[in-house]
Amino acid sequence: MIQDTAAFADRIHAAFDFAGQQLRHLITTQPDFFPMYTREGKWKHGGEAWTNWCEGFLGGQLWLMFTYTGDVWWRDQAMRYSRLIEDRKLDNTVHDLGFLFWSTWKRWHEHAPEDFIHDVVIAAGSTAGSRFREKGGYLPSFVSQESSFIDIMMNVGIIFYAARQTDNCELWDNAATHCLTTRRYLVRGDGSSAHEGIFDTETGEFLRQTTHQGWRDDSSWARGLTWAIYGFGTAFRFTEDSRFLQTAEACAAFYLEHTPAHGVPPNDWAEPNPTHPHESSAAAIAASAFLQLAEITSDSLRAIRYQQYAFTILDTLLGSGFLAIDTPHWEGILMQGMYHQSKGLGVNESVMWGDYFFLEVLLDALHILSGRQAYGGARPAC
Ligand code: GLY
C-alpha cells in the first residue's frame, strides 16, 4: 500500500517529464515514423512487425501528454500523428481498429467535439464491426476467418460506441455476441484465458484453444489476460451486462492469484523459469484495467483492493528496473516489455502499447490522488 501519496505523485510527475523527453526526441528525430518495439532500446530497426496494430499508440501518447500538460505543442503533434492513420478507418484486414482509433481520434474528439473527427471514430467502429461472422458469432482475428483472439476484446468498445451513436442495433448486438462468445470459449472456469479460439467456418462450431504469443495452448498468456480484464470491463461500461463484469473480475482474480507481489507478471505464468521474468506492458495494461474495475465493481472492498493493487503495480513500474529514466540512450519509456517471444520480436524491450497504457494509468492515478480534481479523462469516455 502506498503510504506517502505526495511522494508517489511526485514520482508520477517525474515519469511524465521523462516520457515527454523521450517522445519529443522520437518524433523530432524520426518524424512520422510509427515504431512498435525497440531493439536494444532503439525504436528504429528492421525487425518484423507480424501485424499492423500499433499505429495509434504513439498518437495516443501525444494526446495523453497534451491532457497532462495542456501544452498545444503536444496537441499539434497528436493531431498530426492522428491524421497520418486516418485512412486506416476503412482497413478491414485487421481486428485492431479500436487500438488505433480509440487511442487517437476518440481522444481528439474529447478535446474537440467536431463532426469530422466523430465521423472517423464511427467509420473505424463500423469497419471493425463489419468483420463479424454470424456462424460462430465472433469477430475473426487477422490470422484467418477460423481464428479469434482474446485481444479483440480491446476492440469492441469502439464498435459499441459506433453502434450507439448511429442507432445501429445489429452492430451493437454483434459486438455483444462477440463478447459472449469470447467469454464462453476463450475464458476458462479458473479465470485464465486462451490467446486464440479456432472455429469451424462452415458450421461455426468451436473447435479448440490455441496460442501464438503464450507458452502453451492451455496456458494463459499474460498480456492476453490483461486485454480480457480491460476489455470485459469496457464491455460492461457500455452494456451494463453483469456477465461482462463477472468475467473481468474472474480474470482479475486469476492475475492477482498468480502474479508476484510486485504486480508484474511473466509473459506466461506457465513458462518454467523464464529467461526474462517480466512483461511490463501486461503490468501497465493490468494497472489501468484494475483502476477501471475499481470504478465499476459493485463491491466496495474489492474496489479498494483493485485500486491499491494498481498503485502497487505502478510503484514497481516507476522503479529504475522498469522506468528507463536511469538507462542512458534507451529510447523507450518502460523497459522489460515483450511483444512476441516465440518469434523473438521485442523480447525484454520497450513496446509502444506498454508506454501508452503506462501513461494512461499514470494520468488516472494522478486524477485519483488529486481527489478527482485534476487530470480527468485518462480513459476515453464510453
Ligand atoms: N497483438 C496484440 C498483442 O500483441 O498484444
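Definitions and cut-offs
Residues numbered from 1 in each chain as written. Predicted model: local features only at pLDDT ≥ 70, side-chain atom pairs only at ≥ 80, totals over all residues. Heavy atoms only, no water. Phe/Tyr/Trp six-rings, centres within 6.5 Å; stacked < 30°, edge-to-face > 60°. Helix = DSSP H or I, 4+ residues; strand = E, 2+ residues; numbered from the N terminus. Buried < 20%, exposed > 50% of the residue type's maximum accessible area, 1.4 Å probe, protein only. Near = heavy atom within 4 Å. Polar contact = N/O pair within 3.5 Å; in protein donor to acceptor, adjacent residues only side chain to side chain. Areas by Shrake-Rupley, 256 points an atom, 1.4 Å probe, with all protein chains shown as cover. Nonpolar A, V, L, I, M, F, W, Y, C, P; charged D, E, K, R; others polar. Pairing = 2+ DSSP bridges. Axes fitted to C-alpha atoms, helices over the stretch in contact; angles between N-to-C directions. Core = buried A, V, L, I, M, F, W, Y, C linked by side-chain atoms within 4.5 Å. Contact = heavy atoms within 4.5 Å. Salt bridge = Lys/Arg side-chain N within 4 Å of Asp/Glu carboxyl O. Expected span 1.5 Å × (residues − 1).

### Concerning the packing of aromatic side chains
Aromatic ring pairs are defined here through the distance separating the ring centres and the angle between the ring planes.
Turning to step 1, where the next piece is worked out: Applying the stated rule across the entire model yields 40 aromatic pairs.
Turning to step 2, where the next piece is worked out: For the pair Y37 and Y339, a centre-to-centre distance of 5.7 Å together with 40° between the ring planes defines the contact as tilted. With Y37 in the loop between α1 (5–29) and α2 (57–69) and Y339 in strand β4 (residues 337–340), this pair connects stretches of sequence that are 302 residues apart. In this pair, the class of Y37 matches that of Y339, namely buried.
Turning to step 3, where the next piece is worked out: Taken together, a centroid distance of 6.3 Å and an interplanar angle of 90° make the contact between W53 and W227 edge-to-face.

### A look at the site of the ligand
Turning to step 1, where the next piece is worked out: Near the ligand the following residues occur: W53, D151, Q213, W221, R223, W227 and Y339.
Turning to step 2, where the next piece is worked out: Interatomic distance of 2.7 Å between a side-chain N/O atom of R223 and an oxygen atom of the ligand.
Turning to step 3, where the next piece is worked out: The separation between an oxygen atom of the ligand and a polar side-chain atom of W227 is 2.9 Å.
Turning to step 4, where the next piece is worked out: Considering the ligand on its own, with 200 Å² of exposed area, one finds that the protein chains cover 99% of that surface.
Turning to step 5, where the next piece is worked out: Of the residues belonging to the shell around the ligand, the class tally is four nonpolar, one polar and two charged.

### Comments concerning the pairing of strand β5 (residues 345–349)
Turning to step 1, where the next piece is worked out: Inspection of the sheet shows β4 paired to β5 by three bridges, in the antiparallel sense. Paired with G337 across the two strands is E349, which belongs to β5.
Turning to step 2, where the next piece is worked out: Here β4 folds back onto β5 in antiparallel fashion, the turn holding four residues, of which G344 has a positive phi close to 70°.

### Observations regarding the sheet that holds strand β3 (residues 206–210)
Turning to step 1, where the next piece is worked out: Ordered by their spatial adjacency, three strands build an open sheet running β1-β2-β3, and the pairing between neighbours is antiparallel. The open sheet is flanked by β1 (147–149) and β3, the only strands paired with a single partner. The sheet shows a mean angle of 25° between the axes of neighbouring strands, direction not considered.
Turning to step 2, where the next piece is worked out: Pairing of β1 with strand β2 (residues 196–199) involves three bridges; the strand directions are antiparallel. Residue pairing in the sheet places S147 in a bridge with I198 of β2.

### Observations regarding the nonpolar core
Turning to step 1, where the next piece is worked out: Grouped together as the largest cluster of nonpolar side chains are 129 residues, with contacts concentrated most on Y255, F290, W353, F357 and F358.
Turning to step 2, where the next piece is worked out: The contact partners of F357, leaving out residues within four places of it in the chain, are F57, M154, W227, Y230, A284 and I285.

### A look at the pattern of salt bridges
Pairing is possible between side chains of opposite charge, provided their charged atoms come close.
Turning to step 1, where the next piece is worked out: Applying the stated criterion across every chain, the model contains 15 salt bridges.
Turning to step 2, where the next piece is worked out: For E249, the salt bridge is made with R302, and the minimal N-O distance between the two is 2.7 Å. Pair noted here: E249 is in helix α10 (residues 242–258) and R302 is in helix α12 (residues 300–317), with a separation of 53 residues, a long-range link.
Turning to step 3, where the next piece is worked out: For E249, a relative accessible area of 11% corresponds to the buried category.
Turning to step 4, where the next piece is worked out: Residue classification places R302 among the partly exposed residues on the basis of a relative accessible area of 36%.
Turning to step 5, where the next piece is worked out: A salt bridge links R302 to D299, with the nearest nitrogen and oxygen atoms 3.4 Å apart.

### Let's talk about α1
Turning to step 1, where the next piece is worked out: When the terminal C-alpha atoms of α1 are compared, their 36 Å separation across 25 residues agrees well with the 36 Å that a helix rising 1.5 Å per residue should span.
Turning to step 2, where the next piece is worked out: Summarising the contacts, the buried residues of α1 are in contact with α2, α3 (72–83), α12 and α13 (352–369).
Turning to step 3, where the next piece is worked out: The backbone nitrogen of A6 has a side-chain oxygen 3.3 Å away, supplied by the residue at the start of α1, namely D4.

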